[in-house]
Amino acid sequence: MRAALLALPIVAIAAAPLGAQSARVRSTTTARYAELRPIRYDTVSGSYVAEPVASATPLTQDVEISAWGFGVQGLRAYGLVRGRAALGSDLVWPRYDDHFDALYAFLELERPHYRVRAGRQQRASGLGFYAFDGLTATVRPWATVRVEGYGGRGLARGFLEPQNSEAIRSLDPLRPDKGTILLGASFWAAPSAGSSFSAIYQRELLSDRSGLVSERAALDARVSVGRLVVLSGSADADLALGAWGRARLGALVRIGRRSYVEVEAFRYKPLLDLTTIWGAFAPQAHRGASASLHVSPKRSLALTSSFTYRRYEPLSSGTPFLVDIQDDAKQFAVGAHWQAGNLALDGSYRLQLDFGGAQSGGDVAAAFARPAGWRLGARGVAFQRDEAFRVTNGTVYGAGLEARGPIGDRVYVRGELMRYLHRKLSGQAALDWNQTRGLLSLEWPFGANPDRSGALR
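Cut-offs used in this document
Residues numbered from 1 in each chain as written. Predicted model: local features only at pLDDT ≥ 70, side-chain atom pairs only at ≥ 80, totals over all residues. Heavy atoms only, no water. Pairing = 2+ DSSP bridges. Helix = DSSP H or I, 4+ residues; strand = E, 2+ residues; numbered from the N terminus. Patch = residues over 30% accessible without salt bridge, like charges linked within 9 Å, V, L, I, M, F, W, Y side chains within 5 Å. Areas by Shrake-Rupley, 256 points an atom, 1.4 Å probe, with all protein chains shown as cover. Salt bridge = Lys/Arg side-chain N within 4 Å of Asp/Glu carboxyl O. Buried < 20%, exposed > 50% of the residue type's maximum accessible area, 1.4 Å probe, protein only. Phe/Tyr/Trp six-rings, centres within 6.5 Å; stacked < 30°, edge-to-face > 60°. Lys NZ or Arg CZ within 6 Å of the ring centre and 35° of its normal. pLDDT = per-residue confidence, 0-100. Contact = heavy atoms within 4.5 Å.

### Details of the pairing of strand S11 (residues 195–206)
Phase 1: Sheet analysis places strand S10 (residues 180–192) next to S11, joined by 11 bridges and oriented antiparallel. Across the sheet, residue Leu183 finds its bridge partner in S11, namely Arg203.
Phase 2: Hairpin connection, S10 to S11: the antiparallel pair is bridged by two residues.
Phase 3: The hairpin turn running from S11 into strand S12 (residues 212–225), its antiparallel successor, is five residues long, and Arg209 in that turn takes a positive phi close to 60°.

### Considering the pairing of strand S18 (residues 328–340)
Phase 1: The pairing of strand S17 (residues 301–312) with S18 spans 11 bridges and is antiparallel. The residue bridging Phe307 from the neighbouring strand is Phe332, located in S18.
Phase 2: Here S18 hands over to strand S19 (residues 343–354) after two residues, with Gly341 in that stretch at a positive phi of 65°.

### Points about unusual backbone geometry
Phase 1: Positioned with a positive phi, Arg209 is a non-glycine residue whose angle comes to about 60°.
Phase 2: Mapped onto the elements of the fold, Arg209 is located in the loop between S11 and S12.

### Structural notes on a nonpolar patch on the surface
Phase 1: Taken together, the side chains of Val253, Ile255, Val261, Val263 and Leu293 define a hydrophobic patch exposed on the protein surface, amounting to about 340 Å² of accessible area.
Phase 2: Tracing the chain through its elements places Val261 in strand S15 (residues 260–268).
Phase 3: Looking at Val261, the relative accessible area reads 31%, which means it is partly exposed.

### Overview of the packing of aromatic side chains
Phase 1: Within the structure shown, the criterion is met by six aromatic pairs.
Phase 2: Taken together, a centroid distance of 5.0 Å and an interplanar angle of 45° make the contact between Phe307 and Phe332 tilted. On the criterion of sequence distance, the pair formed by Phe307 in strand S17 and Phe332 in strand S18 is long-range, its members being 25 residues apart.
Phase 3: For Phe332, a relative accessible area of 36% corresponds to the partly exposed category.
Phase 4: Between Arg123 and the ring centre of Tyr150, over which it is positioned, the NZ or CZ distance is 4.0 Å.

### A word on the confidence of the model for the protein chain
Phase 1: Averaged over all residues, the pLDDT of the protein chain equals 85, while 84% of them reach at least 70.
Phase 2: The low-confidence segment residues 1–19 (pLDDT under 50) makes 28 contacts with residues lying over four places distant or belonging to another chain.
Phase 3: A low-confidence stretch, residues 450–457 stays under pLDDT 50, and its non-local contacts, those more than four residues away or across chains, total 15 contacts.

### Comments concerning the environment of Ser234
Phase 1: Within the secondary structure layout, Ser234 lies in strand S13 (residues 229–238).
Phase 2: Given the relative accessible area of 24%, Ser234 is considered partly exposed.
Phase 3: Expressed as a C-alpha distance, the spacing of Ser234 and Phe266, which sit 32 residues apart in the sequence, is 9.4 Å.
Phase 4: Dropping the residues within four chain positions of it, Ser234 is found in contact with Leu219, Asp220, Arg246, Ala247 and Arg248.

### A few points about the pattern of salt bridges
Phase 1: Within this structure, the stated rule accounts for 22 salt bridges.
Phase 2: Close ionic contact of Glu108 with Arg117 constitutes a salt bridge, the shortest N to O distance being 2.5 Å.
Phase 3: Look at Glu108 and you get buried, because its relative accessible area is 6%.
Phase 4: A salt bridge links Arg404 to Glu402, with the nearest nitrogen and oxygen atoms 3.2 Å apart.
Phase 5: Taking the relative accessible area as the measure of exposure, Arg404 reaches 33% and is therefore partly exposed.
Phase 6: Overall, Glu402 belongs to the partly exposed group, its relative accessible area being 23%.
Phase 7: Salt bridges linked by common partners bring Arg26, Glu64 and Glu443 together as one network.

Right under this line is the structure:
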């Protein structure tokens, strides 16, 4: 209900019949279809059990509205709301009992050297994705420098609900009964055409300031050394716990106009809020390195290959799904892309060994783009797993079609259909993984275009 109230002012502004105002609206309706056989782990027998075939047809309706022309230069109202429904379902589809969300709903004042936003917003940074209801102020003293501060009521990650909402507490009763306040600041600078640096600090408190939820910071940098070498790095840290989380150092070396080699070293350790118990389960941290090669002898052809090695920290908690797991993993991948006129061909193959068992898979795809804007494609895949997390004995083969393009001047349609077949089944552990997945999406933009005068075409 609160999300709906946030969206109402923007919808009203966009719909108001004032001659000086302009609005652009984009409606996207997406229907999905999934038919599969759920597999569950039976703790009594210690084995996986296949359940009857089930299907689901979830429906999503997105409406995006941008309105301007209120007599104040640079003033804009923006909203993106989403409705969810299920057109019959045997499966519990994630989030489809949550029928309405206001993903964005804010007023924005944009000037050459600063910008102010007030309302529901979402941020993506080196700390991840966060949503909040509040205020963001951005200052641009120079074109290559940006300073930003933000704050407001925090929303649970993955849900556009307050941290203490009844819906979330019903799933996690150990959450605090108070909401949160999210505060943060960020800095970005590009001192040269080939370099950029950014830093962000964020702190989340209980609404009565009686406790700390999280305190984190992240750094990111990219520097060109001459015309052939690019160095990059990033890291994030939990300041409340005094611990580093993810970190990465990389180098890219150009070996031609369209070819390059890239190497990197990394570590991964998830950082969790102090209000959740998931930290006690010690998510699997690891370190590793990777190397990749991209070769493009001509514009129409590109070849890629890569190797990644990961070393996992020892398990500190037990689970029936992780038995006799190796401590390291090696992953190989190769790929190719070729294009001739309107025809494009793609192919790739991947092989992973050790941690989680062996897994290999590949796919091929062909696409033909018509001058009128239509794109037609076909795709084939094959993959298999062995040991842990497996698709049991056998291989899964898949084939599908896709099409996208305009219908008339304003409506765009996209359709996809994939069928997966599990073959070489044998033995009691050979569970049926057959699946059918489909998608149909209609996009309808209308109204004025803020980038061009006149009606949207």
